[in-house]
Amino acid sequence: EIDPQLRRQFQKAFDLTLQTNPSIVPASPQILASLQNALLQQTAEKSQKEQTLRKKLSSLRSEREEMESRLRKEMGAAAVRKAELTKELERIAREKERVEESLIKQTEGM
């Protein structure tokens, strides 16, 4: 079934083409009708394919946006975890330094 709006748009374009180019009008009304029907069918098929592709594109864009959003969240969580681990490492390094200084003082005092 061909969309009525597409049919109207096609009919306007077809009529305009024939009006502006009268030399391409076939002599037989049956040939003209057959040509018009064939062109309308092709136009409808192409329109359907375009709609399908637009839906797929929209879906892919949505998926990409969702993936990017998840990735940003994961990267944010990873950055927070890295900061936490860096602080912990710095705390351990300070503690190690303090223990080493304490041991040196104890050894010097012996």
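Let me begin by describing the structure that accompanies this report. Worth saying up front: this structure is predicted, and the values here are computed from it rather than measured.

1. Focus on the pattern of salt bridges
A side chain with one charge can pair with a side chain of the opposite charge if their charged atoms come near.
Thought 1: According to the stated counting rule, one finds six salt bridges in the structure shown.
Thought 2: In this structure, the salt-bridge partner of Arg81 is Glu84, at a minimum N-O distance of 3.6 Å. On the criterion of helical spacing, the pair formed by Arg81 and Glu84 is a turn pair, its members being three residues apart in helix H2 (residues 29–108).
Thought 3: By relative accessible area, Arg81 is classed as partly exposed at 47%.

2. With respect to the environment of Arg70
Thought 1: Relative to the elements of secondary structure, Arg70 occurs in helix H2.
Thought 2: Classification of Arg70 as partly exposed rests on a relative accessible area of 45%.
Thought 3: In this structure the C-alpha to C-alpha distance between Arg70 and Ala13, which are 57 residues apart in sequence, comes to 47 Å.

About the criteria used
- Residues numbered from 1 in each chain as written.
- Predicted model: local features only at pLDDT ≥ 70, side-chain atom pairs only at ≥ 80, totals over all residues.
- Heavy atoms only, no water.
- Salt bridge = Lys/Arg side-chain N within 4 Å of Asp/Glu carboxyl O.
- Helix = DSSP H or I, 4+ residues; strand = E, 2+ residues; numbered from the N terminus.
- Buried < 20%, exposed > 50% of the residue type's maximum accessible area, 1.4 Å probe, protein only.

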